[in-house]
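Letter by letter, the chains look like this.
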Amino acid sequence: MDRTSRILRTVGSIVFLAAGAFYVFAPPNTTTSFFDTPAPAVAWGWVFAAGGFVSLLGTLSRIVHVERLGVLFVIVAAAMLTAGQSLVMFGSEEVTWTRGGGTLVYFGFGLWAFERWWKLGRDERAINDVADAR
């Protein structure tokens, strides 16, 4: 990978780590009031933080297998967040443009993460093939 890609993946991993910390330490009021507990937001926050941390380790160490695991955590967290926000959106009094747009953005970023995970899988298989050939 080139240097720019590695820097962007590093920054992205740090952003997911920070986003997870925000959800853990300051869960959103709307989600907390809808579920009557901050637990769902805290749960996906921990998964985002873990994913950001693990993918950061994988990116910095250049170990594809570790980076891929971190990206998988991010995908799971994005799915949890999208599901939670969809429940809030359709279970509340009204659907707002802001909540609808935000939920779709979470879903879109989850799809982008899935594409990255898929691409890392090809790299992982190529590395394994080379290692098995020795």
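What counts and how
As a convention, each chain's residues are numbered from 1 in the sequence order in which they are written. It should be noted that, the model being predicted, local features are given only for residues of pLDDT at least 70 and side-chain atom pairs only at 80 or more, the latter also being counted only at that level, while totals for whole chains, interfaces and linings use all residues. In computing side-chain properties, one takes all heavy atoms of the structure into account and sets aside hydrogens as well as water. Helix numbers and strand numbers start at the N terminus; a helix is a DSSP run of H or I with at least 4 residues, a strand a run of E with at least 2. Only protein chains enter the accessibility calculation, which uses a 1.4 Å probe. A residue is then buried if its area is under 20% of the maximum for its type, exposed if over 50%, and partly exposed in between. Any pair of residues with heavy atoms lying within 4.5 Å of one another is described as a contacting pair. Accessibility throughout is a Shrake-Rupley quantity obtained with a 1.4 Å probe, and a residue counts as covered only by protein chains that appear here. For this count, His and the chain ends are skipped, Lys and Arg are scored as positive, and Asp and Glu as negative. Lysine's charge is taken at NZ, arginine's at CZ, aspartate's at CG and glutamate's at CD. Stacked, tilted and edge-to-face are the three classes applied to pairs of Phe, Tyr and Trp rings, where Trp contributes its six-membered ring and a pair requires centres within 6.5 Å; stacked means planes under 30 degrees apart, edge-to-face means over 60, and tilted covers the rest. For helices, the fitted line uses only the C-alpha atoms of the stretch in contact; every axis is such a line through C-alpha atoms, and the angle between N-to-C directions lies from 0 to 180 degrees. Note on angle classes: values under 35 degrees are labelled roughly parallel, values over 145 roughly antiparallel, values of 65 to 115 roughly perpendicular, and the remainder oblique. Less than a right angle of anticlockwise turn of the near helix away from the far helix marks a crossing as left-handed, whereas a clockwise turn marks it as right-handed. Classes in brief: Ala, Val, Leu, Ile, Met, Phe, Trp, Tyr, Cys and Pro nonpolar; Asp, Glu, Lys and Arg charged; the others, Gly included, polar. For a helix, the expected span equals 1.5 Å multiplied by the number of residues minus one. Throughout this description, the term nonpolar core refers to a set of buried Ala, Val, Leu, Ile, Met, Phe, Trp, Tyr and Cys residues connected via side-chain atoms within 4.5 Å. Cavities and pockets were defined on a 1 Å grid built over protein atoms only: a cavity is a set of grid points that admits a 1.4 Å probe from which the probe cannot escape, a pocket is an open set flanked by protein on both sides within 12 Å along at least five of seven lines, and lining residues are those with an atom within 4 Å of any such point. Grid points are joined across faces, edges and corners, and a volume is the space filled by probe spheres set on the points.

A. Region of the structure containing the overall build of the protein chain. Along the protein chain, the regular secondary structure elements total five helices and zero strands. Walking the protein chain from its N terminus toward its C terminus, one meets helices and strands in the order α-α-α-α-α. Dimensions of the protein chain, computed from the C-alpha atoms along their principal axes, are close to 60 × 25 × 25 Å. Looking at the protein chain as a whole, 32% of its 134 residues qualify as buried. In the protein chain, the proportion of contacts linking residues at least 24 apart, taken out of those at least 6 apart, comes to 67%. As displayed, the protein chain offers around 8300 Å² of accessible surface, 70% of which is attributable to carbon and sulfur atoms. Averaged over its 11 positive side-chain charges, the protein chain has a centre that lies 11 Å from the centre of its 10 negative ones.

B. Examining the packing of aromatic side chains more closely. All told, the structure shown has eight aromatic pairs when counted by the stated rule. Ring plane angle 5° and centroid distance 5.7 Å describe the contact between Phe16 and Phe48, whose orientation is recorded as stacked. Residue Phe16 is found in helix H1 (residues 3-25), and its partner Phe48 is found in helix H3 (residues 39-61); the two are separated by 32 residues along the sequence. On the basis of relative accessibility, which here comes to 28%, the residue Phe16 falls in the partly exposed class. Through pairs of rings, three or more aromatic residues link up here, namely Phe16, Tyr23, Trp44 and Phe48.

C. How the structure looks around the packing of H1 against H3. It is at 7 Å that the axes of H1 and H3 come closest, and there the two elements cross at 155°. Viewed along their axes, H1 and H3 adopt a mutual orientation that is roughly antiparallel. You can see that H1 and H3 cross each other, and the crossing is left-handed. Counted by class, the contact of H1 with H3 contains 15 nonpolar, seven polar and two charged residues.

D. Quick look at H1. Taking 1.5 Å per residue, 23 residues should reach 33 Å; H1 reaches 33 Å between its end C-alpha atoms and fits that length. On the buried face of H1, the contacting elements are H3, helix H4 (64-91) and helix H5 (97-133).

E. Structural detail: the nonpolar core. Membership of the largest hydrophobic core comes to 14 residues, with the highest contact counts inside it found for Tyr23, Trp44, Phe48, Val71, Ile75, Leu81 and Ala113. Where this core is concerned, the elements lending two or more residues are H3, H4 and H5. With seven residues, H4 is the largest single contributor of residues to this core. Every residue in contact with Leu81, bar those within four places of it in the chain, is listed here: Tyr23, Trp44, Phe48 and Tyr106.

F. How the structure looks around unusual backbone geometry. In this structure, Asp36 takes a positive phi of about 60° despite not being glycine. Turning to its location among the elements, Asp36 is positioned in the loop between helix H2 (29-35) and H3.

G. How the structure looks around H5. Across its 37 residues, H5 extends 54 Å between first and last C-alpha, which sits within 8% of the 54 Å expected from 1.5 Å per residue. All of the buried residues along H5 are Gly100, Thr103, Gly110, Ala113, Arg116, Trp117, Leu120, Gly121 and Glu124.

H. Examining the layout of surface pockets more closely. Taken as a whole, the largest pocket spans an internal volume of roughly 350 Å³. In terms of lining residues, the largest pocket is bounded by 16 residues, among which Arg9, Gly12, Ser13, Phe16 and Arg116 are the most central. Counting residues per element, the ones that place at least two in the lining of the largest pocket are H1, H3, H4 and H5. Along the lines of polarity and charge, the residues of the lining of the largest pocket split into eight nonpolar, five polar and three charged.

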